[in-house]
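Geometric and topological summary
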Amino acid sequence: MELLIGIALLCFLLGLLPVEARMERTLDGRWPGLGGALSECLKGIAAIGLSYGFNGSVGAMSLAALAVSMGRVWSPDPHYDYRYPKGTVTAGVTAGLIAPLVALLMLIIWLVVRWRRQPWTKAAIWASGFTPIVLFRFYEADVYFVFGSLIAGVFIYQYLRYVEHNCETPGEKPWSPSEKAHVKAHRLRVLMRRGGLATLIICLLSGFYLNRYVYRGFGQHVEIFRRGPSTLPLVAITFDDGPNPKYTPEILDILEEFDVKATFFMLGRNAELYPDLARRVAEEGHEIGNHTHRHARLLTTSYNRSMTEMVAAHNAIEAATGERITLFRPPQGLYGAQSLEAARDLRYTVVLWSVSSRDWIEIRPREMARDLVNRTRSGDIILFHDSGDLITYAGGNRTNTVAALPRVIEGLREQGFTFVTVTEMMIAHGLIGEEYGAQLPVTGP
């Protein structure tokens with residue numbers, strides 16, 4: 001995560017570099033706007049190259065694209081021509097490098113609108129407005145939808161600047177909005193700027209809060225199992241959000257090859273969709289836990305809603321696997337007093353983790369494996385995902401997880417670690433029968 005933040009900061013500074021004016025002077029004003037466009041192209045290419053060199057994931061490249069575009073938007077430029085909005089070329093180029101087919105579609109839309117003699121900025125708005133939907137439709141991953149929405153926000157912000165500025169000099173540009181449009185554009189732009197800054201601050205504070213909450217919690221919460229004994233060379237591998245028909249079979253093949261038993265925290269909905277795959281997990285000797293029915297956020301969820309999610313998932317998983325489910329992991333590791341009470345009433349053992357693979361940001365396999373092997377200690381519970389996405393409970397790209405898993409297993413075995421299930425880890429820690437009591441099957445709220 002620190003690396004991603006560092007890359008984003010470098011790309012933002014790259015966007016701030018005031019090279020566009022110098023490029024325009026180099027071209028001696030022969031082609032107005034061309035120097036700035038070329039500079040923005042180079043910035044976008046450099047940002048994507050920097051991100052790809054350090055991380056290579058779609059999420060990292062999207063973050064770099066947004067950062068360099070925002071840097072260009074806020075870069076100082078006293079001679080800026082509002083007909084050619086800052087940051088939009090950078091945004092378009094980075095989108096093209098990340099998703100070429102979508103960028104081609106954006107270019108076609110832009111050319112059609114320009115052909116109808118509309119301003120540059122209005123054409124950019126039309127092109128970017130379809131970006132989030134088309135990105136999600138083409139690639140079916142949440143990160144593309146988020147990236148497309150943010151890039152569209154950059155275009156909209158610059159369009160408002162165009163409206164505001166051109167109203168001040170009527171007749172000099174292809175389209176001169178009314179004074180009313182000028183005032184409205186100014187207000188909306190200020191609102192977007194303040195809202196964006198507030199959102200950024202909230203995200204940073206929430207990230208700090210949630211990171212602390214996930215790994216430590218507030219209060220003792222002795223009923224939550226986070227890690228095993230530090231005196232025994234035991235490690236437990238866990239997978240969340242599955243089963244997934246694309247990645248779970250590959251993971252099972254790897255675990256079978258290395259003779260490793262893991263713990264799969266399944267979503268009830270996915271167990272309903274892929275009962276044969278859920279049954280295979282159980283038949284191959286792996287442990288199965290409850291991860292709610294539809295990946296519910298339980299931080300502020302009521303007791304009744306938490307109970308409904310847990311029971312629905314339990315019944316679906318039990319019907320598919322025939323296994324007795326006694327473990328529960330809250331999605332994203334977030335829980336509230338009401339959800340803990342529901343889990344306790346259903347006689348679940350709540351399980352978190354002590355080491356995260358951070359595969360949700362699609363770290364490269366080699367980097368993921370190296371990081372896990374270096375950070376893992378005796379008693380650790382390692383978190384992976386065999387499905388799931390940033391927003392939805394299904395989808396996501398877990399190719400890097402599959403590729404990193406053999407390296408992680410081999411690396412930890414070389415250090416003398418033995419792989420166990422979560423229940424075996426709890427037995428080693430002396431918790432079952434001493435602190436949690438007997439685990440009974442769930443029959444309903």
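Per chain, residues are indexed from 1 in the order of the written sequence. Residue-level local features of this predicted model are given only where pLDDT is at least 70; pairs of side-chain atoms are given and counted only at 80 or more, and the full residue set underlies all totals for whole chains, interfaces and linings. Computation of side-chain values covers all heavy atoms of the structure but excludes hydrogens and water.

Moving on to the pattern of salt bridges. When a carboxyl oxygen of Asp or Glu is within 4 Å of a side-chain nitrogen of Lys or Arg, the pair counts as a salt bridge. For the structure shown, the criterion picks out nine salt bridges. Among the salt bridges present, the one from glutamate 309 reaches arginine 305, with a minimum N-O distance of 3.0 Å. One end of the pair is glutamate 309 and the other is arginine 305, both in helix H14 (residues 303-321) and four residues apart, which spans about a single turn. A residue is classified by how much of its surface remains accessible, and arginine 305, at 43% relative accessible area, is partly exposed. Among the salt bridges present, the one from aspartate 371 reaches arginine 375, with a minimum N-O distance of 2.9 Å. Residue aspartate 371 and its partner arginine 375 are both found in helix H16 (residues 365-375); the two are separated by four residues, about one turn of the helix. Residues participating in the shared-partner salt-bridge network are Asp253, Arg280 and Glu284. Strands are runs of DSSP state E lasting at least 2 residues, helices are runs of H or I lasting at least 4, and numbering of each runs from the N terminus. Only protein chains enter the accessibility calculation, which uses a 1.4 Å probe; a residue is then buried when its area is under 20% of its type maximum, exposed when over 50%, and partly exposed in between.

Looking now at the pairing of strand E2 (residues 234-240). In terms of burial, E2 is a largely internal element, seven of the seven residues being buried. Alternating residues of E2 divide into Leu234, Ala236, Thr238 and Asp240 and Val235, Ile237 and Phe239, and every residue in both groups is buried. Here, strands pair whenever DSSP counts at least two bridges between them. Strand direction decides the pairing type here: E2 and strand E9 (residues 418-420), joined by three bridges, are parallel. Residue pairing for E9: leucine 234 is matched across the bridge by threonine 418. As judged from the five bridges shared by E2 and strand E8 (residues 381-385), these two strands associate in the parallel manner. Within the sheet, the bridge partner assigned to threonine 238 lies in E8 and is leucine 383. Here E2 pairs with strand E3 (residues 263-266) via three bridges, running parallel. Residue pairing across strands places threonine 238 opposite threonine 263, the latter belonging to E3. For the segment spanning E2, helix H11 (residues 248-257) and E3, crossover handedness is right-handed. Convention used here: a crossover is right-handed provided that the path from the first strand, over the helix, to the second strand proceeds clockwise when the strands point away from the viewer.

Let us look at the packing of aromatic side chains. Stacked, edge-to-face and tilted labels apply to pairs of Phe, Tyr and Trp rings (six-membered ring for Trp) whose centres lie within 6.5 Å, assigned for plane angles under 30 degrees, over 60, and everything in between, in that order. Across all of its chains, the model carries three aromatic pairs by this definition. Measuring from ring centre to ring centre gives 5.5 Å for phenylalanine 239 and phenylalanine 384, while their planes differ by 25 degrees; the resulting arrangement is stacked. Of the two residues, phenylalanine 239 sits in strand E2 while phenylalanine 384 sits in strand E8, which places them 145 residues apart along the sequence. On the basis of relative accessibility, which here comes to 0%, the residue phenylalanine 239 falls in the buried class. Residue classification places phenylalanine 384 among the buried residues on the basis of a relative accessible area of 0%. Aromatic ring contacts, followed pair by pair, group Phe239, Phe264 and Phe384 into a single cluster.

With that settled, consider empty space enclosed by the protein. A cavity, in this analysis, means grid points on a 1 Å lattice covering only the protein atoms where a 1.4 Å probe fits yet has no way out; a pocket is instead an open set bounded by protein on both sides within 12 Å along at least five of seven lines, and a residue lines either one if it has an atom within 4 Å of a point. Grid points are joined across faces, edges and corners, and a volume is the space filled by probe spheres set on the points. Following the criterion strictly, the structure yields one cavity of 30 Å³ or more and no others. Of the volumes computed, that of the largest cavity is approximately 30 Å³. As for the largest cavity, its lining consists of Leu298, Phe328, Pro330, Tyr335, Ser339, Leu340, Ala343 and Val350. In terms of residues, the lining of the largest cavity owes the most to one element, helix H15 (residues 337-345), which gives three residues.

One can find methionine 310 in helix H14. In this structure the C-alpha to C-alpha distance between methionine 310 and tyrosine 348, which are 38 residues apart in sequence, comes to 9.7 Å. With sequence-adjacent residues up to four places away left out, methionine 310 is seen in contact with Asn290, Leu298, Phe328, Ser339, Ala342, Ala343, Leu346 and Tyr348. A contact between two residues is defined here by any heavy atoms of the two lying within 4.5 Å.

Our next topic: the pairing of strand E4 (residues 287-290). Of the two faces of E4, the one lined by Glu287 and Gly289 and the one lined by Ile288 and Asn290 are each fully buried. Where E3 lies against E4, four bridges are found, and the strand directions are parallel. Within E4, the position partnered with phenylalanine 264 by the bridge is isoleucine 288.

A few words now on the nonpolar core. Think of a nonpolar core as a cluster: buried Ala, Val, Leu, Ile, Met, Phe, Trp, Tyr and Cys residues, connected wherever their side-chain atoms sit within 4.5 Å. Within the largest apolar cluster, 67 residues are counted, with the highest numbers of intra-cluster contacts made by Phe239, Leu255, Phe264, Phe384, Leu405 and Ile409. Tallying contributions element by element places helix H17 (residues 399-414) first for this core, with six residues. Not counting residues up to four positions away in its chain, the partners in contact with phenylalanine 239 are Ile251, Leu255, Ala262, Thr263, Phe264, Phe265, Phe384, His385, Asp386 and Leu405. Core analysis: the second largest hydrophobic core is formed by eight residues, Ala99, Val102, Met106 and Val113 among them.

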